[in-house]
Amino acid sequence: MKLSWHVLLNNRKVKPTLAAACLVLLLVTSGHAAFAQKTEKRFATAADIQRDSVNRFIKYKTCGTWAAYVPDTLHPEFTPFRQVRINIHVMLDSKGQNNFPDNSIGRQWIKDMITNANARLDKNTKMNLPKGNTTPVLRIPFHYVLTGRPGDPRDDGIYFHRDDSLFFMNKKAKNLTSVYDNRQYQVYGIQKDTVINVFLMEHHPDSVRSKTYRPSNDGIGMGPWAKIVGCYNIWKTPTVMKNGDTLRYSPWDAAALFNHELGHCLGLQHTWNTDDGCDDTPKNPGCWNVNEPPGCTDVSNNVMDYNAWKISYTPCQIGKINKNFYDDKVTRKYLVPEWCTFNESKTVTIESGTSAEWNGSMDVLGNLVVSNNAVLTIHCTTSLPPGGKVILYPKSTLILDGAILTSRCASPFEGIEIISNKKSSPKIYFKNGSVLQNAVHMME
Ligand SMILES: [Zn+2]
């Protein structure tokens, strides 16, 4: 600008007085404005939408399939990372015994177990089975978070209960005191609507003393609650090895069982004795470890098998867990609702020249931007937070096909903002009865 100003002055042989300089500057500036395209920013109205002739909403075929929820490795931003709320109840006898103590040692052990469970999720590992498999190893998109009652800073989500009739479980019992007994959850459950309640139980000391009873590490995961059984007893009596070393059961070991039982809560089934609906989790011969039982060679390491490892989640299993995170009737209520807090740094952008098709539901935690020459096709339900908006650049295309664009929060999101210029404005298609819901700017 400075250079052209001097050239202009010289060409025109104008004496560079201050007034003249101002005049020329004005001319140059307005000249530039004439070259730039004038852009307009506003929220979309009904007139901006092209609709097909379908009047009723037709749900898209992939919305309820796990395959639509397998994380896209090229677009990690399409899979928001989740915090699953849990709490831990330690069931003690009336004397405060037979389980982890209500002191810093007990609390720390439990916190270490959760930390280790999350570390295991961070370390998703290649499947052992079937031999020679090429099953991808995907990032597991969640952690557990210990959650106390809101408004009480002393509540860390770990509770100790003294109850002579409910502190133990009996493997040989059929109903009451069996692993399926839900009375612990009924009596002691806390924040049941928003937190998965996990109970640390022990076998009865009389059972432990019996020669015919094996006080094994057991558990169960039943949706809103889970039990992890036997950790304390195994931990307090370290195994003495042949060479004299002692091997102590650790929070890392317990975390494997924890992840297995929570896997049930999050919607997974065993891989070996039922049809778990996944073709990347092969049936296996039931080996705990190599040569356990003797002769075992092909040992599974999948989290939903019984094995010493329990550290591998397949794409199908991750897809199923992720699908349930979008379902109010399954596990969505247990997630920290981060989709209701606008976070600009979590804005999802469909980059210029690319296209994306969302075959499952989606939570956008910031804005949703479709760049010039980009196409986004949305099926199913996409949620934006209050304060968030869809931003469409002049040459972008947004297609809603069997889709609901909404805010799954008490307050509405902003709506669809379109940026247009003299030459282009975004193309917006609503197909198969697609709708905009819970937006400040509803396109009326
Ligand atoms: Zn199980």
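Residues numbered from 1 in each chain as written. Predicted model: local features only at pLDDT ≥ 70, side-chain atom pairs only at ≥ 80, totals over all residues.

Participant: Can you explain the overall build of the chain? Please cite residues and give values.
Facilitator: Scanning the chain from terminus to terminus reveals 8 helices and 21 strands. In terms of overall size, the chain is more extended than a compact globule, its C-alpha atoms giving a radius of gyration of 30 Å where 444 residues would be expected to give roughly 22 Å. The principal-axis extents of the C-alpha atoms in the chain amount to approximately 110 × 55 × 45 Å. Counting every position in the chain, which comprises 444 residues, the buried fraction comes to 36%. (Helix = DSSP H or I, 4+ residues; strand = E, 2+ residues; numbered from the N terminus. Rg over C-alpha atoms; globule rule 2.2 N^0.38 Å. Buried ≥ 20, exposed ≤ 12 C-beta atoms within 10 Å, placed from the backbone.)

Participant: Give me the lowdown on unusual backbone geometry, citing residues and values where you can.
Facilitator: Cis geometry marks the peptide bond from Leu129 to Pro130, where omega comes out at -15°. By the element assignment, Pro130 lies in the loop between helix 3 (104-122) and strand 4 (142-146). Cis geometry marks the peptide bond from Glu292 to Pro293; its omega dihedral reads -5°. With respect to the helices and strands, Pro293 occurs in the loop between helix 7 (251-265) and helix 8 (315-324). In this structure, Cys380 is a non-glycine residue whose phi angle is positive, near 65°. As for its placement among the helices and strands, Cys380 is situated in strand 16 (residues 375-383).

Participant: Describe the sheet that holds strand 19 (residues 415-421), listing the residues and the values that go with them.
Facilitator: Taken in spatial order, the 5 strands make up an open sheet running 1-19-17-15-12, and their pairing is mixed. One side of each edge strand has no neighbouring strand; the edge strands of this open sheet are strand 1 (39-43) and strand 12 (348-350). Neighbour-to-neighbour, the strand axes of the sheet open up by a mean angle of 15°, direction not taken into account. Looking at chain direction, strand 15 (residues 368-370) and strand 17 (residues 389-392) are connected through 3 bridges and run parallel. When the bridges of strand 17 are listed, Val369 appears paired with Ile391. (Pairing = 2+ DSSP bridges. Axes fitted to C-alpha atoms, helices over the stretch in contact; angles between N-to-C directions.)

Participant: Explain helix 3 residue by residue, including any values.
Facilitator: Structurally, the α-helix is built with 3.6 residues per turn, so residues lying three or four positions apart point the same way. Counted at 1.5 Å a residue, the expected span for helix 3 with its 19 residues is 27 Å, and the 26 Å between its end C-alpha atoms agrees. Looking at helix 3, one finds that the buried residues are Ile110, Met113, Ile114, Ala117, Arg120 and Leu121. Projection of helix 3 onto a plane perpendicular to its axis shows the buried side chains occupying an angular sector of 120°, all on one side. What points out from helix 3, more than 90 degrees from its buried face, is the exposed set Ser104, Ile105, Gln108 and Asp122. Packed against the buried residues of helix 3 are strand 3 (82-92), strand 4, strand 5 (158-162) and helix 7. (Expected span 1.5 Å × (residues − 1). Arc of directions from axis to C-beta. Contact = placed C-beta atoms within 7 Å.)

Participant: Tell me about the pairing of strand 8 (residues 218-221), and please be specific about residues and values.
Facilitator: Note that strand 8 and strand 9 (residues 225-229) share 4 bridges and pair antiparallel. Across the sheet, residue Asp218 finds its bridge partner in strand 9, namely Val229. Linking strand 8 to strand 9, which pair antiparallel, is a turn of 3 residues; within it Gly223 sits at a positive phi near 85°.

Participant: Help me get a handle on the domain arrangement of the chain, residues and values and all.
Facilitator: Taken domain by domain, the chain comprises domain 1 (2-35), domain 2 (39-63 + 341-436) and domain 3 (79-326). With centres defined by C-alpha atoms, the gap from domain 2 to domain 3 works out at 40 Å. (Domains from an automatic or database assignment.)

Participant: Please provide a residue-by-residue account of the nonpolar core, values included.
Facilitator: Counting residues in each nonpolar core, the largest one holds 90 residues, and the members touching the most others are Ile196, Leu200 and Ile228. When residues of this core are assigned to domains, at least three fall in each of domain 2 (39-63 + 341-436) and domain 3 (79-326). Look past the residues within four positions of Ile196 in its chain and what remains in contact with it is Val84, Arg85, Ile86, Pro224, Trp225, Ala226, Cys265 and Tyr334. (Core = buried A, V, L, I, M, F, W, Y, C linked by C-beta atoms within 7 Å.)

Participant: Which residues make up the pairing of strand 20 (residues 427-431), and what values go with them?
Facilitator: Burial along strand 20 is one-sided: Ile428 and Phe430 are buried, and none of Lys427, Tyr429 and Lys431, which face the opposite way, are. The sheet contact formed by strand 2 (residues 49-51) and strand 20 spans 3 bridges and is parallel. Bridging from a neighbouring strand, Gln50 pairs with Tyr429 of strand 20. Here strand 18 (residues 397-406) pairs with strand 20 via 5 bridges, running parallel. When the bridges of strand 20 are listed, Leu398 appears paired with Ile428.

Participant: Describe the confidence of the model for the chain, with residues and values.
Facilitator: When pLDDT is averaged along the chain, the result is 92, and 92% of the positions lie at 70 or above. Note that pLDDT drops below 50 for residues 1-34; the model gives that stretch 12 contacts with residues more than four away or on any other chain. (pLDDT = per-residue confidence, 0-100.)

Participant: For the environment of Asn182, give the residues involved together with the corresponding values.
Facilitator: Structurally, the position occupied by Asn182 is in the loop between strand 6 (168-169) and helix 4 (183-188). Residues Asn182 and Asn124, 58 residues apart in the sequence, show an inter-C-alpha distance of 31 Å.

Participant: Quick rundown of the packing of helix 3 against helix 7? Include the residues and the values.
Facilitator: Running from N to C, helix 3 and helix 7 point in directions that differ by 65°, and their axes come no closer than 8 Å. Here the hand of the crossing between helix 3 and helix 7 comes out right-handed. The segment helix 3 lies against helix 7, with Trp109, Asp112, Met113, Asn116, Ala117 and Arg120 engaging Pro251, Trp252, Ala254, Ala255, Ala256, Phe258 and Asn259. Of the residues in the contact of helix 3 with helix 7, the class split is 9 nonpolar, 2 polar and 2 charged. (Left-handed = near helix turned anticlockwise from the far one by under 90°. Nonpolar A, V, L, I, M, F, W, Y, C, P; charged D, E, K, R; others polar.)

Participant: Explain the environment of His161 to me, and be specific about the residues and the numbers.
Facilitator: Inspection of the secondary structure assignment puts His161 in strand 5. In this structure His161 comes out as partly exposed when scored by C-beta crowding, with 17 C-beta atoms within 10 Å. In sequence terms His161 and Ser94 are 67 residues apart; their C-alpha atoms lie 8.4 Å from each other. Other than its neighbours up to four places away in sequence, His161 contacts His89, Met91, Leu92 and Tyr188.

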